Amino acid sequence: MSETLNQEKLLVSSSPHFLKDESIPKIMHTVILALIPAVAASVYFFGLRALLLILVCVGVSLLTEYAFQKIRNKPVTIYDGSAIITGMLLGLTLPPDFTLFGAILGSFFAICVGKQLYGGLGFNIFNPALLGRAFLMATYPVFMTTWAEPRTIAKAVDAVTAATPLALAKFEGKFAPLTDLFIGNVAGSIGETSVIAILIGGLYLRYKGYINWKLPLGYLGAMAVFGGIFWLINPVKYPNPLFHIFAGGAMLAAWFMVTDMVTSPVTPLGQWIFALAGGVLAVVIRLWGGLPEGVMYSILFMNAFVPLINKHTRPRVFGEGAKEGEIAPLGGS
Amino acid sequence: MNNVTKMFLNLVIIGAVSGAILAVVFGYADPLIQANKEKELKEAIFVVLPEAKDYRLHEKTIGKEKFTVYEGVDAGGNPVGVAFKADGGGFQGNIGVMVGLNLDYLRLKGIKILDQVETPGLGNRIGEPAFEGQFKNVEITPKVEYIKNRKPEKPNQIKAITGATISSDAVVKNINNAIAKALANFPKDGWGKGGYAPSGVESSTPTGVRKETHDGGK
Amino acid sequence: MAENNVSLWGEFKKGLWQDIPPFRLVLGTCPTLAVTNSVKNGVAMGLATLFVLFFSNIIISAVRKYISSQVRIAAYVVIIALLVTVADLFLAAVFPAISKALGPYVPLIVVNCIILGRAEGYAQKNPVVPSMIDALGIGTGYIISLAVMSSIREALGFGSILGFKVLGDWFEPWIVMILPAGAFIVFGSLIAAINYISQRKSAAQKALG
């Protein structure tokens, strides 16, 4: 049964069901378009090497999807664009000097384990790009945390590696200026540094109506408010709310990963829970965890709860009866 | 024989036989296990105090804890340095470090990681000579410090392992804590001619008393 | 006599493929996941388990007629615990490095379901010799499983097998393979591979028959 669903690319969601002139390829191609500013910013700040990383990730993602579906005798769906997005997102979250072999490995893992083993698009529990990144984080922890300064900053002679704004804030108590963070003139994953470029893409998606505003707003809002509480308590030790949402992967994740239709809840209440809890969790990891950045794990962690959230926030349809062989309990199930 | 008696006898016999076997095995294994521990300890002391040929044991009770210091002595019996164990939490569990200190209490003579369960290939590189070796001749005043991604600038600094700051930090913290304890409980003036009175049995040369006991146990 | 040999061989062989413990019976998975980050540890764990399994099967089979059924589990547990303690003490005395690396997992053999499973499922119903063979088969299968698991993990995680470099300097070790996550990835992949092979085998047999 699940195979038929996959072939016809049906997104199963709670009612009401409207017929719209939308299809998976159309949505996906719009998302790809929305990611172009972030790609452009990554090339501007980190050079052609950044473009190479992204292209390798996209290529391997497509190839893995194609090979997997061929081997399993399933219809090949690489033209729907979902594998391209996974590849792009994974590439954008890698450090600039990351090895190409690592990028290949991560893309393969993202598509193979993160998506196809679950049954393909629509059945994966975790965001494939983030799962691929988590795998790389565990596989190459040193490469994944070795950063280079952007091209736009003249390199100091003896500085081989640079520290990200989050690492500086966590380990040395220094906070990068917000304007640098907004433009993207800091060390970090190639596609995560430029807030303005991501924002352009995200707002375009919102304008096209493909993003549910609750998710990015809830996620970034929770980060800002929760992080802000600690900033108010001790502004020397803790970064300010804008720093929290501008630094690291927060922006990219909020617009392009939290909003992933497959791995986020379908009910409005569920979406609020998902986004708010994810944002709080990201700040908790940033402030008290061993790692400077918690966005990736916060989303993966909340992904695991999506089926549960969906189940318990399902709206009760008026007149909905008891299940077969069951007496309806008073006061709802 | 009724069933209850049978059950009773079953368990009593099995228990008694098992107990007897265990006693024999333990009699054989325990001296060996103790000897292994002793050997490990001795090797660690000799690594952090390279000039030492033997050591003397000193113990002091601080509150409820016992603090043990090993005084390394050369062939002539003259003190060459002090060693002690520094324990504390790392990234995943306890990190135990043997610390060797110069008698003048100004510099470290060396360290060796004894116990650790850090991430293989990452945090557990604290056990590699490249990291341990950095502590040789590091000044301990005001404190041992670590520095990230750069070459140490001051004589009291070492370079943390890239990607394993927490483990490196834990090692340095443990060492500093233990040095503070040693400084407070065994002031350096005490190591002069008379020295502190050794507590317990003095250790002997590697082919010492211990070995004979376990031969006897066989 | 010849027929007897064949069946004993069959008893031995079933532990190597048909009932290979962690992948088919899904027993003893805790050490399979926990200590297979290097071949040395994996094989040492397998040998310790084989030792315990071998003697527990023999002893339990030998005394099976004298133990009243109400207290049999208690009796088995005492016997197994004795053997495990002996193995633990022996390792600590003679191979301190391995004992340290295996940590709490040697004492934990006592709760390894393979041991009690074979005692309940085989040794208490069968004479000594077949029980011995059964233990050897299952134990060898377990050693092979741990060796395969740990070879893959050590090769990818350290670039070596038994400490010898098998992958060149170009290879950047995959740290994840020595971490718990890598154990689950390799374990899942191996179960999938074994299921795939046996499905094809049975399909081929059907086609023949």
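This is a predicted model, so every value here is computed, not measured. (Residues numbered from 1 in each chain as written. Chains lettered and ligands numbered in written order. Predicted model: local features only at pLDDT ≥ 70, side-chain atom pairs only at ≥ 80, totals over all residues.)

Novice: Can you help me understand the overall build of chain B in this one?
Specialist: Along chain B, the regular secondary structure elements total four helices and seven strands. Helices and strands in chain B line up, N terminus first, as α-β-β-β-β-β-α-β-β-α-α. A burial count over chain B gives 33% of its 218 residues as buried. (Helix = DSSP H or I, 4+ residues; strand = E, 2+ residues; numbered from the N terminus. Buried ≥ 20, exposed ≤ 12 C-beta atoms within 10 Å, placed from the backbone.)

Novice: Could you clarify how one ought to interpret the interface of chain A and chain C in this entry?
Specialist: Accessible area lost upon the coming together of the parts is a frequently used measure of interface size. Taken together, the contact pairs six residues of chain A with six residues of chain C. Residue composition of the side of chain A that touches chain C, by class: four nonpolar, two polar and no charged. (Contact = placed C-beta atoms within 7 Å. Nonpolar A, V, L, I, M, F, W, Y, C, P; charged D, E, K, R; others polar.)

Novice: Would you mind showing me how to read the nonpolar core here?
Specialist: Generally speaking, soluble globular proteins have nonpolar side chains that are buried together. Within the largest apolar cluster, 189 residues are counted, with the highest numbers of intra-cluster contacts made by Met223(A), Ala250(A), Ile45(B), Val99(B) and Ile175(B). The dominant element in this core, judged by the number of residues it contributes, is helix α5 (residues 72-94) of chain C, at 13 residues. Setting aside its immediate chain neighbours within four residues, Ile175(B) contacts Ala86(B), Val97(B), Val99(B), Ile111(B) and Val144(B). (Core = buried A, V, L, I, M, F, W, Y, C linked by C-beta atoms within 7 Å.)

Novice: Even after reading the chapter, I still don't get the interface of chain C and chain B, so can you show me in this structure?
Specialist: Across the contact, 23 residues belong to chain C and 20 residues belong to chain B. A per-element tally of the side of chain C that touches chain B places α5(C) first, with 12 residues.

Novice: Help me out: how do you make sense of helix α9 (residues 180-208) of chain C in this one?
Specialist: Structurally, the α-helix is built with 3.6 residues per turn, so residues lying three or four positions apart point the same way. Residues and elements named next belong to chain C. Here α9 contains 29 residues, and its C-alpha end-to-end distance of 42 Å stays within 8% of the 42 Å for a straight helix at 1.5 Å per residue. Of the residues making up α9, those classed as buried are Gly182, Ala183, Ile185, Val186 and Phe187. Where the residues of α9 are buried, they touch α3 (29-34) and α8 (128-158). (Expected span 1.5 Å × (residues − 1).)

Novice: Would you mind going over unusual backbone geometry with me for this structure?
Specialist: With the exception of glycine, most residues fall at negative phi, and the peptide bonds are largely trans. Of note, the amide linkage connecting Thr141(B) to Pro142(B) takes the cis form, showing an omega dihedral of -5 degrees. With respect to the helices and strands, the residue Pro142(B) is situated in the loop between α2 (129-132) and β6 (145-147). If you check the backbone angles, Asn73(A) has positive phi at about 55 degrees while not being a glycine. Residue placement: Asn73(A) occurs in the loop between α3 (48-71) and α4 (82-92).

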